[in-house]
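# Per-entry structural report
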Amino acid sequence: MNDTTTRKPIRKAVFPVAGLGTRFLPATKAIPKEMLPIIDRPLIQYAVDEAREAGIEQLIFVTGRGKTAIVEHFDTAFELEATMNARGKPLDVLDATRIQPGNLVTVRQQVPMGLGHAIWCARAIVGDEPFAIFLPDELMIGTPGCMKQMVDAYHQVGGNLISVLEVPEDEVSSYGVIKPGARVSADLTEVTGLVEKPKREDAPSNLIISGRYILQPEVMRTLETQGKGAGGEIQLTDAMARMIGHQPFHAVTFAGRRYDCGGKSGFVEATLELALARPDMADDMRALIKRLAAQID
């Protein structure tokens, strides 16, 4: 597995986007939660941009009913582009939404049976290649991006990798936590176990799983026989835990910022911080925040 001459590249990424987005109702009644914008880009666009930066070529969306807007976002909008052309408006603002023909594939998850089941639904397209997984709710901002850091680590150690973040010890009970083994480098650690939402006193570390994965195709066969876990769903964490000890597993500590945009507070935090980081918005945002803060006082 450590022989770089035989290690397969990471060319494919799975995006599980079939969720109902109930925490954002009624906004998500007709609009997929992945299409909710952070300023002027939907969440799914940030994830796709991160994948492209990491050299990923094929995007696999695991969708559900009512999710066609996600695919349409990456399609050609003839009427829009013709109108913009006629009015002399530049089209480069749409460049990030363009996908090479054949590089976007969708499969359906007909029944919401958990993250592990969603990944398993992509098995025929993944085939016998290692692949990445992106949870678009987890907005990861950094230079380089989280998946680029993970792909670089993959070239070093191969096998399976998960991204992790350090959190205060009193927060570990809300997340999946790794049991660390040998430290390969400052940001790369062997994984010897996974614990889902442990009590603070039982947590093996304060390193939480943070929504990015590189997995070998054997995980699909593990998911094939994976029983239901927490919440009565097929959990990806359970399948990964079964693979530890049989294949190399490492954790990459992400050097960047993570926003939990599956919740309203994280969504607003991401919007504010990313707006403050944009030269075209920063001054206006600082003035706005000062004005709002004065009203609170």
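Attention in this report is confined to the structure presented alongside it. (Residues numbered from 1 in each chain as written. Predicted model: local features only at pLDDT ≥ 70, side-chain atom pairs only at ≥ 80, totals over all residues. Heavy atoms only, no water.)

So, about the pattern of salt bridges. Evaluation of the coordinates by the stated rule reveals 18 salt bridges. D40 is paired through a salt bridge with R278; the nearest N and O atoms lie 3.0 Å apart. Of this pair, D40 sits in the loop between β2 (37-38) and β3 (41-42) while R278 sits in the loop between α9 (264-276) and α10 (282-296), placing them 238 residues apart in sequence. A network of salt bridges, in which partner residues are shared, links R11, K12, E57 and E129. (Salt bridge = Lys/Arg side-chain N within 4 Å of Asp/Glu carboxyl O. Helix = DSSP H or I, 4+ residues; strand = E, 2+ residues; numbered from the N terminus.)

Turning our attention to the side chain of E81. Note that E81 resides in helix α3 (residues 78-86). On the accessibility criterion, E81 (13% relative accessible area) is buried. Beyond its immediate stretch of four places on either side in the chain, E81 contacts T76, L91, L94 and R98. (Buried < 20%, exposed > 50% of the residue type's maximum accessible area, 1.4 Å probe, protein only. Contact = heavy atoms within 4.5 Å.)

Taken as a whole, the largest pocket spans an internal volume of roughly 1400 Å³. Along the wall of the largest pocket there are 41 residues; nearest its centre are K33, L115, L135, D137 and E233. Of the residues belonging to the lining of the largest pocket, the class tally is 16 nonpolar, 13 polar and 12 charged. The calculated volume of the second largest pocket comes to roughly 290 Å³. What lines the second largest pocket is a set of 15 residues, among which R41, Y46, M140, I141 and G142 lie closest to the centre. When residues of the lining of the second largest pocket are traced back to their parent elements, those giving at least two are α1 (43-53) and β7 (138-141). By residue number, the principal contributor to the lining of the second largest pocket is α1, which donates four residues. Taken together, the residues that form the lining of the second largest pocket break down as seven nonpolar, two polar and six charged. (1 Å grid on protein atoms, 1.4 Å probe; cavity = no way out; pocket = protein on both sides within 12 Å on 5 of 7 lines; lining within 4 Å. Points joined across faces, edges and corners; volume = space filled by probe spheres on them. Nonpolar A, V, L, I, M, F, W, Y, C, P; charged D, E, K, R; others polar.)

If you trace the backbone, D49 turns up in helix α1. The sequence separation of D49 and D238 amounts to 189 residues, and the corresponding C-alpha distance is 29 Å. Setting aside residues no more than four positions away along its own chain, D49 makes contact with R41 and A96.

Let us look at the packing of aromatic side chains. All chains considered together, the criterion is met by four aromatic pairs. An aromatic cluster is present here, built from F15, F61, F74 and F134 joined pairwise through their rings. A cation sits over an aromatic face here: R41 above Y46, 4.0 Å from the ring centre. Cation over ring: K264 sits above F24, and NZ or CZ is 5.8 Å from the ring centre. (Phe/Tyr/Trp six-rings, centres within 6.5 Å; stacked < 30°, edge-to-face > 60°. Lys NZ or Arg CZ within 6 Å of the ring centre and 35° of its normal.)

A contiguous nonpolar patch, built from V268, L272 and I289 and spanning about 210 Å² of accessible area, is present on the exposed surface. Inspection of the secondary structure puts I289 in helix α10. For I289, a relative accessible area of 33% corresponds to the partly exposed category. (Patch = residues over 30% accessible without salt bridge, like charges linked within 9 Å, V, L, I, M, F, W, Y side chains within 5 Å. Areas by Shrake-Rupley, 256 points an atom, 1.4 Å probe, with all protein chains shown as cover.)

Position of E138 among the secondary structure elements: in strand β7. Taking the relative accessible area as the measure of exposure, E138 reaches 12% and is therefore buried. Apart from residues lying up to four places away in sequence, E138 is in contact with S210, G211, R212, R258, Y259 and D260.

Right, let's talk about the nonpolar core for a bit. F15, I44, I56, F61, F134, M147 and L161 are the most contacted members of the largest nonpolar core, which has 37 residues in total. When residues of this core are traced back to their parent elements, those giving at least two are β1 (12-16), α1, β4 (58-63), β6 (131-134), α6 (146-157), β8 (160-166) and β11 (207-215). Residue contributions to this core peak at seven residues, all from α6. Leave out the neighbours within four places in its chain, and I44 touches F15, V17, E34, M35, F61, I70, F74 and P136. The next biggest cluster of nonpolar side chains, apart from the first, holds 33 residues, and it includes A118, F131, L215 and V219. (Core = buried A, V, L, I, M, F, W, Y, C linked by side-chain atoms within 4.5 Å.)

Glancing now at α6. Taking 1.5 Å of rise per residue, the 12 residues of α6 would be expected to cover 16 Å, and the 17 Å separating its terminal C-alpha atoms lies within 8% of that figure. All of the buried residues in α6 are C146, M147, Q149, M150, V151, A153, Y154 and V157. G158, located one to two residues past α6, shows a positive phi value of around 65 degrees. (Expected span 1.5 Å × (residues − 1).)

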